[in-house]
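# Descriptive structure summary
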Amino acid sequence: EKRRTEIFSRDFSTLLARFGRPTTTTTTTTRTTTRTRAERSRRETMAEANLATMKQLLAKSDGRDKLCATIQYALMFIHAGQPGKVKKVQGNVASARKVFRVMKPVETLAPIITDPFGTKALKNSEDPKLMFLVKRAQMLLMALYFGGDHLVWAKSAGVLEDAETANMAKKVSMYSWFGGSVCKALVEMFELSKLVSNTNAKLKSLQDREGEEAEDERKETRAKADAMALKRTFTVCHAFVQATLALGLVDALPLKPRTLGFLGVTASVMNIYLMLPGSFKPQLKAKRG
């Protein structure tokens, strides 16, 4: 009788442990499953966000142009100047890009067309007149770049038959691209110096204030300034890469096709990154309630 009681008690405890309370193995399995589901959900959310970002990029003609430019220069890097199928495909991709640049000269010159003498621009800006002239020069040079590029495309499409005119247009286009990129770098360096000055002045005005609210405002000011400074520095680097690429494409610099392809891919990827929504976003912490 005592033996039966022991067996019944043991079996009852086993059943209770199995069905009444979760065992250690069951608990571990449940936690692993929950963690796996959370990780899968996080990956799906990231994938959806990346797809939405790519959709926004490809919705713009500039985005499609820069994506094709990346492919074009990647193919140039692969063929390294050697004739063959890859070089032929690279030429076709370069021609296909021109569709996305239709009316680009007019778009670039829009501020000059609407305000020829810069009366409105000078009135609404505190920048020195020299910087205003640099910005106008950048617009004119980039318009020449796109216009000359259109003539080169017209020659490859058979619309323009004069090879000498097309060759001259290519030189004007590339040198204008170089000049426009240098102007862009100068503008960004000026804006960077102005950002540093304005940020230091604002932080100095917040220096005498105390409390959590003042500290949060100081951190927010620094975070926004750091993000904007990083973006402007990145843009300066991108402008210099473009300027070097332009001189190489017009044979003003002795660069090999593979080097040009590398510079072209770098410039295109940097341009795409600048166009992505949310790039260089300031790292702001949630305010304490």
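It should be emphasised that the depicted structure is a prediction, and the values quoted were computed from it without experimental measurement.

Reading guide: rules and limits
Residues numbered from 1 in each chain as written. Predicted model: local features only at pLDDT ≥ 70, side-chain atom pairs only at ≥ 80, totals over all residues. Heavy atoms only, no water. Core = buried A, V, L, I, M, F, W, Y, C linked by side-chain atoms within 4.5 Å. Buried < 20%, exposed > 50% of the residue type's maximum accessible area, 1.4 Å probe, protein only. Helix = DSSP H or I, 4+ residues; strand = E, 2+ residues; numbered from the N terminus. Contact = heavy atoms within 4.5 Å. Salt bridge = Lys/Arg side-chain N within 4 Å of Asp/Glu carboxyl O. Expected span 1.5 Å × (residues − 1). Phe/Tyr/Trp six-rings, centres within 6.5 Å; stacked < 30°, edge-to-face > 60°. Lys NZ or Arg CZ within 6 Å of the ring centre and 35° of its normal. Patch = residues over 30% accessible without salt bridge, like charges linked within 9 Å, V, L, I, M, F, W, Y side chains within 5 Å. Areas by Shrake-Rupley, 256 points an atom, 1.4 Å probe, with all protein chains shown as cover. pLDDT = per-residue confidence, 0-100.

### A word on the nonpolar core
- Core analysis: the largest hydrophobic core is formed by 17 residues, its most contacted members being Y73, Y145, M174, W177, L245 and L249.
- When residues of this core are traced back to their parent elements, those giving at least two are α3 (61–79), α7 (129–157), α8 (163–205), α9 (212–249) and α10 (257–275).
- Beyond its immediate stretch of four places on either side in the chain, Y145 contacts R101, S173, M174, S176 and W177.

### Considering the pattern of salt bridges
- On inspection of all chains with the given rule, the structure shows 15 salt bridges.
- Residue K104 pairs with E107 through a salt bridge whose shortest N-O separation is 3.6 Å. With K104 and E107 both in helix α5 (residues 104–114) and three residues apart, this pair spans about one turn of that helix.
- The salt bridge partner of R232 is E188, with a shortest N-O separation of 2.8 Å. Placement of R232 in helix α9 and of E188 in helix α8 is noted, with a sequence separation of 44 residues between them.
- Connected via shared salt-bridge partners are D65, K66, R97, K98, R101 and D149.

### Remarks on α9
- In this model α9 runs 55 Å from its N-terminal to its C-terminal C-alpha over 38 residues, within 8% of the 56 Å that 1.5 Å per residue would give.
- Just beyond α9, the residue with positive phi is D251, at close to 65°.

### Description of the packing of aromatic side chains
- Across all of its chains, the model carries five aromatic pairs by this definition.
- On the basis of an interplanar angle of 75° and a centroid distance of 5.2 Å, the ring pair of Y273 and F280 is categorised as edge-to-face.
- Residue classification places Y273 among the partly exposed residues on the basis of a relative accessible area of 36%.
- Taking the relative accessible area as the measure of exposure, F280 reaches 13% and is therefore buried.
- Three or more aromatic residues link up through ring pairs in this structure, and these residues are Y145, F146 and W177.
- Note that R258 overlies the ring of F77, its terminal NZ or CZ placed 5.1 Å from the centroid.

### Structural notes on a nonpolar patch on the surface
- On the surface, M54, L58, L67 and I71 cluster together into a nonpolar patch covering about 300 Å² of accessible area.
- If you list the elements that add at least two residues to the nonpolar patch, you get α2 (24–58) and α3.

### Examining the side chain of Q72
- Relative to the helices and strands, Q72 resides in helix α3.
- A residue is classified by how much of its surface remains accessible, and Q72, at 8% relative accessible area, is buried.
- With residues up to four places along the chain from it excluded, the contact list for Q72 reads Q90, V93, A94 and R97.

### What about the confidence of the model for the chain?
- Averaged over every residue, the pLDDT of the chain is 85; the share at 70 or more is 87%.
- The least confident element of the chain, judged by mean pLDDT, is helix α1 (residues 2–20) at 53; the most confident is α10 at 95.

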